[in-house]
Amino acid sequence: MTEPGGTQLAATLRRIERAAGALATASVARMDETLPWFRALPADQRSWVMLVAQAGVRSLVQWLRDGGGRADSTQEVSDEVFAIAPQALAQSISLQQTVALIKVTIDVVEEQVPHLAAEGEEQQLREVVLRFSREIAFASARAYARAAEVRGSWDARLQALLVDALLRGDSSDVLASRAAALGWADAPPVAVAVGRSPGGEVAAVLHTVYRLARRIRVGVIGGVHGDRLVVVLGGAPDPLAATEKLLPAFGEGPVVVGPAVPSLDEATESARSALAGYRAAPAWPAAPRPVEAAALLPERALAGDAEARRRLRQDYYATLVRSGGELLETLDAFFAAGGVLESTARALFVHPNTVRYRLRRIAEVSGLSPLVPRDAFALQVALTVGRLDPVTPVLPAPLSGGRGDER
């Protein structure tokens, strides 16, 4: 068999060169007929595909001239075939779709072999086109790999900037613009989890986060700040349960989840709570992993977190004050008696059942039970903070049926 590029293929090469434009046009027309998703592409992207098809035909000619059509040749198709289109095309059309486009183009070329090949070279040209289709597929894979690498580096940088903006408390406009560049869907609720980074390459750490998040179908944005791994979760109905599925991505130590918020615009609040909880978590060695930032309010308050002090003062101390002085009095006596009901009753000159009733009322109005050691600790810190921090005086709730609501 005569080698491509020899005198017997010169006429075939000239025919292919002359037919390049028509082949590209026919290929795009066939794509429009057989690929519904191609018809839905914007006009600019369809024009890019036309340019790539034309470049592919020219590449076939050059490949033959360089000896790539020989059965023993190791000549590769130049990646410049795909360089003619913007990198944005690789983000709009998947690799699988690109392979479909290549197949359509090759089918059109094969159909034209009787008209393109010089007499007696039809079979040889078909074999050459078959080998070329394989090489062009490899070239497309290389192009997509490079695009993915560039996109991955850029995405990692954007995500790091977004996480940094969250931790600094930047404006919602800054958060929105950076999130939009990442294609963040902002599915509610949104929460922030903070833990220790496992170390190693940042890209590898984040890859583990994304892989685990895909399994549970949760949107994530991750960033490594110093020795901390910060993960923003979106669309998880239960952020704490979702974070538990992501634990293999974190290093050893506590993992703290901030409160769920409606959108990324408000995620700064979740990030601040998670960070404050992460700093205070060593004070509670038996804390679950992961743990909600709200469960660490006592430790956060002792560590100087103003938001935790405010929550303890308003959500617990002020609530007990509004519910009547006998609840605070009973709680003080219960703590002073070391949690012994009978001793508390004697100190208050009431029946033990009265103490039980009041303790149940405390649990109802505050959400914390003095009979549970962890809750009792939180209530003690809340009482201390409430009495130390100046607060606006609060009046007890009016008795049912009384005249406390009259003006």
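Residues numbered from 1 in each chain as written. Predicted model: local features only at pLDDT ≥ 70, side-chain atom pairs only at ≥ 80, totals over all residues. Heavy atoms only, no water.

Here we take up the sheet that holds strand S3 (residues 228-234). Pairing is mixed in the open sheet, where five strands are placed in the order S2-S3-S1-S4-S5. Bordering the open sheet on either side are strand S2 (219-225) and strand S5 (291-292), each of which pairs with just one other strand. The sheet contact formed by strand S1 (residues 190-196) and S3 spans seven bridges and is antiparallel. Paired with Arg-196 across the two strands is Arg-228, which belongs to S3. Running over the sheet, helix H11 (residues 202-216) touches S2 and S3 and is turned about 155° from S2. (Pairing = 2+ DSSP bridges. Helix = DSSP H or I, 4+ residues; strand = E, 2+ residues; numbered from the N terminus. Contact = heavy atoms within 4.5 Å. Axes fitted to C-alpha atoms, helices over the stretch in contact; angles between N-to-C directions.)

With that settled, the discussion passes to helix H13 (residues 267-280). Taking 1.5 Å of rise per residue, 14 residues should cover 20 Å, and H13 covers 20 Å from first to last C-alpha, within 8% of that figure. For H13, a buried count of eleven out of 14 residues is recorded, marking the element as mostly surrounded by other parts of the structure. All buried positions along H13 are accounted for by Ala-267, Thr-268, Ser-270, Ala-271, Ser-273, Ala-274, Leu-275, Ala-276, Gly-277, Tyr-278 and Ala-280. (Expected span 1.5 Å × (residues − 1). Buried < 20%, exposed > 50% of the residue type's maximum accessible area, 1.4 Å probe, protein only.)

How two helices sit against one another is set out by the angle between their axes and by the gap between those axes. Orientation of helix H16 (residues 325-336) relative to helix H17 (residues 341-348), taken along the N-to-C sense of each, is 125°, at an axis distance of 9 Å. Judged by the angle between their axes, H16 and H17 are oblique. The way H16 lies across H17 gives a crossing that is right-handed. Across the interface between the two elements, Glu-329, Thr-330, Ala-333 and Phe-334 from H16 touch Leu-341, Thr-344 and Leu-348 from H17. The residue inventory of the contact of H16 with H17, partitioned by class, reads four nonpolar, two polar and one charged. (Parallel < 35°, antiparallel > 145°, perpendicular 65-115°, else oblique. Left-handed = near helix turned anticlockwise from the far one by under 90°. Nonpolar A, V, L, I, M, F, W, Y, C, P; charged D, E, K, R; others polar.)

Once that is clear, we can look at the environment of Asp-32. Along the chain, the position of Asp-32 falls in helix H2 (residues 20-34). If we ignore the near neighbours within four places in the chain, the residues touching Asp-32 are Phe-38, Arg-39 and Arg-46. A polar contact of 3.0 Å, which involves the side chain of Asp-32, links it to the side chain of Arg-46. (Polar contact = N/O pair within 3.5 Å; in protein donor to acceptor, adjacent residues only side chain to side chain.)

What follows covers the environment of Gly-277. Turning to its location among the elements, Gly-277 is positioned in helix H13. Judged by relative accessible area, which is 0%, Gly-277 ranks as buried. It is 9.1 Å that separates the C-alpha atoms of Gly-277 and Asp-305, two residues lying 28 residues apart in sequence. Those residues in contact with Gly-277 that lie beyond four places of it in its chain are Val-256, Leu-296 and Arg-300.

Turning to the nonpolar core, a few remarks are in order. Leu-312, Leu-320, Leu-331, Phe-335, Ile-362, Leu-379 and Leu-383 are the most contacted members of the largest nonpolar core, which has 26 residues in total. Contributing elements (two or more residues each) for this core: helix H14 (297-302), helix H15 (306-322), H16, H17, helix H18 (352-366) and helix H19 (373-388). Broken down by element, the residue count for this core peaks at seven residues, all from H19. Discounting chain neighbours no more than four positions away, the residues touching Ile-362 are Leu-320, Leu-327, Leu-331, Gly-367, Leu-368, Pro-370 and Leu-379. (Core = buried A, V, L, I, M, F, W, Y, C linked by side-chain atoms within 4.5 Å.)

With that out of the way, let us pick up the side chain of Arg-358. You can see Arg-358 is positioned in helix H18. The buried charged residue Arg-358 lacks any salt bridge partner; its closest oppositely charged side chain belongs to Glu-329, at an N-O distance of 4.7 Å. (Lys, Arg positive; Asp, Glu negative; His and termini not counted. Salt bridge = Lys/Arg side-chain N within 4 Å of Asp/Glu carboxyl O.)

Our next topic: the confidence of the model for the chain. Per-chain confidence: the chain averages 81 in pLDDT, with 78% of residues scoring 70 or above. The model gives residues 1-8 a pLDDT under 50, and that stretch makes 16 contacts with residues more than four places away or in other chains. (pLDDT = per-residue confidence, 0-100.)

With that settled, consider the pattern of salt bridges. Counted by the stated rule, this structure contains eleven salt bridges. For the salt bridge of Asp-305 with Arg-300, the shortest nitrogen-to-oxygen distance reads 2.8 Å. Residue class for Arg-300 comes out buried when judged on its relative accessible area of 3%. Arg-361 is the salt-bridge partner of Glu-364, the closest N and O atoms lying 3.2 Å from each other. Note that Glu-364 and Arg-361 are positioned in helix H18 at a spacing of three residues, about one turn of the helix. The class for Arg-361 is partly exposed, based on a relative accessible area of 26%. Three or more residues are tied together by salt bridges with common partners; here these are Arg-309, Arg-313 and Asp-389.

Another aspect to go through is the packing of H16 against H18. Taken N-terminus to C-terminus, the directions of H16 and H18 make an angle of 110°; their axes are 10 Å apart at the nearest point. Between H16 and H18, the interaxial angle falls into the category roughly perpendicular. As H16 packs across H18, the resulting crossing turns out to be left-handed. Note on element contacts: H18 touches H16 through Val-355, Arg-358, Leu-359, Arg-361, Ile-362 and Val-365, opposite Glu-326, Leu-327, Thr-330, Leu-331 and Phe-334.

Look at the link from Pro-188 to Pro-189: it is a cis peptide, with omega at -10°. Here Arg-289 and Pro-290 are connected by a cis peptide whose omega angle stands at 5°. By the secondary structure assignment, Pro-290 is in the loop between H13 and S5. Residues other than glycine seldom take positive phi values, yet Arg-217 does so here, at roughly 55°.

Next up on the list: the environment of Glu-110. Structurally, Glu-110 can be placed in helix H7 (residues 95-111). Owing to a relative accessible area of 30%, Glu-110 belongs among the partly exposed residues under this scheme. Distance in space between the C-alpha atoms of Glu-110 and Leu-125 is 8.6 Å, their sequence separation being 15 residues.

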